[in-house]
Amino acid sequence: MVLPARMMGKLTVEEWRPVIASSLVFEKKIRRSMRGTAFLLTRVPLIVSLGGTITAAILLQMSWIIFLYPVLLFPLAILGGRRYDADLKRARLEADSRTSSVIGKDPLLQVMKKIDLMGLDDVDRLKSGRGGRRLASLPSITERIDNLQGLSSLAGFSSI
């Protein structure tokens, strides 16, 4: 695991534990199970559209239809990529939820709040929505905190 150098000395070993645990839950448990979803959202539409384009060209005896494939390809790729990014974002929040059920919500919540107060550039870019395409699948620190705080309010309602 590679940790950012700018975070060296800013968190104690005990504070790193929930952050690393959440990351491991995401990478080892959740992300592996999402491989099939990624294939369905990105590759299958591309294969089907290529097959449909070739079939139409053969049946209609119009070879120029094959040139429509790129016209179909780009919207499908963009839509599939956006959907997968949204799924990844939800999966990262799910990793936080699973981690909090094992190690406790408070340690993870305290670390998230501490990181939020550090004013790091990449954290602030995610919070403001200026993360761009590269950070589209990452929830902001505010979303992660709200997700963890929502767990306690939902748990309170279930006990009533």
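Residues numbered from 1 in each chain as written. Predicted model: local features only at pLDDT ≥ 70, side-chain atom pairs only at ≥ 80, totals over all residues. Heavy atoms only, no water.

Visitor: Looking at this structure, how should I read the overall build of the protein?
Guide: Along the protein, the regular secondary structure elements total 6 helices and 0 strands. Residues counted as buried form 30% of the 160 residues belonging to the protein. Pairs at least 24 residues apart make up 73% of the contacts formed inside the protein by residues separated by at least 6 positions. For the protein, the accessible surface area stands at approximately 10400 Å², while carbon and sulfur atoms represent 64% of it. (Helix = DSSP H or I, 4+ residues; strand = E, 2+ residues; numbered from the N terminus. Buried < 20%, exposed > 50% of the residue type's maximum accessible area, 1.4 Å probe, protein only. Contact = heavy atoms within 4.5 Å. Areas by Shrake-Rupley, 256 points an atom, 1.4 Å probe, with all protein chains shown as cover.)

Visitor: Explain the environment of Leu 73 here, please?
Guide: Along the chain, the position of Leu 73 falls in helix α3 (residues 69–103). Its relative accessible area of 23% is what places Leu 73 among the partly exposed residues.

Visitor: What am I meant to see in the packing of α3 against helix α4 (residues 105–117) here?
Guide: When two helices pack together, you describe them by how their axes are tilted relative to each other and by the distance separating the axes. Here α3 crosses α4 at 125 degrees, and the two axes come no closer than 7 Å. Of the possible angle classes, the one that applies to α3 and α4 is oblique. Along its contact with α3, which presents Asp 96, Thr 99, Ser 100 and Ile 103, the element α4 presents Lys 105, Pro 107, Leu 108 and Met 112. (Axes fitted to C-alpha atoms, helices over the stretch in contact; angles between N-to-C directions. Parallel < 35°, antiparallel > 145°, perpendicular 65-115°, else oblique.)

Visitor: Just checking my understanding: could you explain the pattern of salt bridges for this structure?
Guide: Inspection of every chain in the model, using the stated rule, returns 9 salt bridges. Among the salt bridges present, the one from Glu 14 reaches Arg 17, with a minimum N-O distance of 3.0 Å. Here Glu 14 and its partner Arg 17 are both found in helix α1 (residues 13–33), 3 residues apart, which amounts to about one turn of the helix. The shortest N-O distance in the salt bridge between Lys 89 and Glu 143 comes to 3.8 Å. One end of the pair, Lys 89, is in helix α3; the other, Glu 143, is in helix α6 (residues 141–158), with 54 residues separating them in the sequence. You can call Glu 143 partly exposed: its relative accessible area is 32%. Linked by salt bridges that have partners in common, Arg 83, Asp 87 and Arg 90 make up one network. (Salt bridge = Lys/Arg side-chain N within 4 Å of Asp/Glu carboxyl O.)

Visitor: Looking at this structure, I do not really get the packing of aromatic side chains. What am I missing?
Guide: The relative placement of two aromatic rings is captured by the distance of their centres and the angle of their planes. Taken as a whole, this structure holds 0 aromatic pairs when the rule is applied. Over the ring of Phe 26 we find Arg 92, and its NZ or CZ is 4.1 Å from the ring centre. (Phe/Tyr/Trp six-rings, centres within 6.5 Å; stacked < 30°, edge-to-face > 60°. Lys NZ or Arg CZ within 6 Å of the ring centre and 35° of its normal.)

Visitor: What is the right way to look at the packing of α1 against α3 in this model?
Guide: Interaxial distance between α1 and α3 falls to 8 Å at its minimum, and their mutual angle equals 125 degrees. In terms of orientation, α1 and α3 fall into the oblique class. Crossing angle aside, the handedness with which α1 passes α3 is right-handed. In this structure, α1 contributes Pro 18, Ala 21, Ser 22, Val 25, Phe 26, Lys 29, Ile 30 and Arg 31 to the contact, and α3 contributes Leu 88, Ala 91, Arg 92, Glu 94, Ala 95, Asp 96, Arg 98, Thr 99 and Ile 103. (Left-handed = near helix turned anticlockwise from the far one by under 90°.)

Visitor: Mind showing me how you'd approach the nonpolar core here?
Guide: In a soluble, globular protein the nonpolar side chains are often hidden away together inside. Of all hydrophobic cores here, the largest spans 14 residues; its most connected members are Met 7, Leu 11, Met 112, Ile 115 and Ile 141. Of all the secondary structure elements, the ones that give two or more residues to this core are α1, α4 and α6. With 5 residues, α4 is the largest single contributor of residues to this core. In contact with Met 7, other than residues within four places in its own chain, are Trp 16, Ile 115, Met 118 and Leu 120. (Core = buried A, V, L, I, M, F, W, Y, C linked by side-chain atoms within 4.5 Å.)

Visitor: Can you help me understand α4 in this one?
Guide: What sets the pattern is the α-helix's 3.6 residues per turn: residues three or four places apart point alike. Between its first and last C-alpha atoms α4 spans 18 Å; for 13 residues at 1.5 Å apiece the expected length is 18 Å, and the two agree. Within α4, burial applies to Leu 108, Leu 109, Val 111, Met 112 and Ile 115. Looking straight down α4, one finds its buried side chains confined to an arc of 160 degrees; they lie on one side. Structural note: α4 exposes Gln 110 and Leu 117 on the side pointing more than 90 degrees away from its buried face. Where α4 terminates, the next one or two residues include Gly 119, which has phi positive at roughly 70 degrees. (Expected span 1.5 Å × (residues − 1). Arc of directions from axis to C-beta.)

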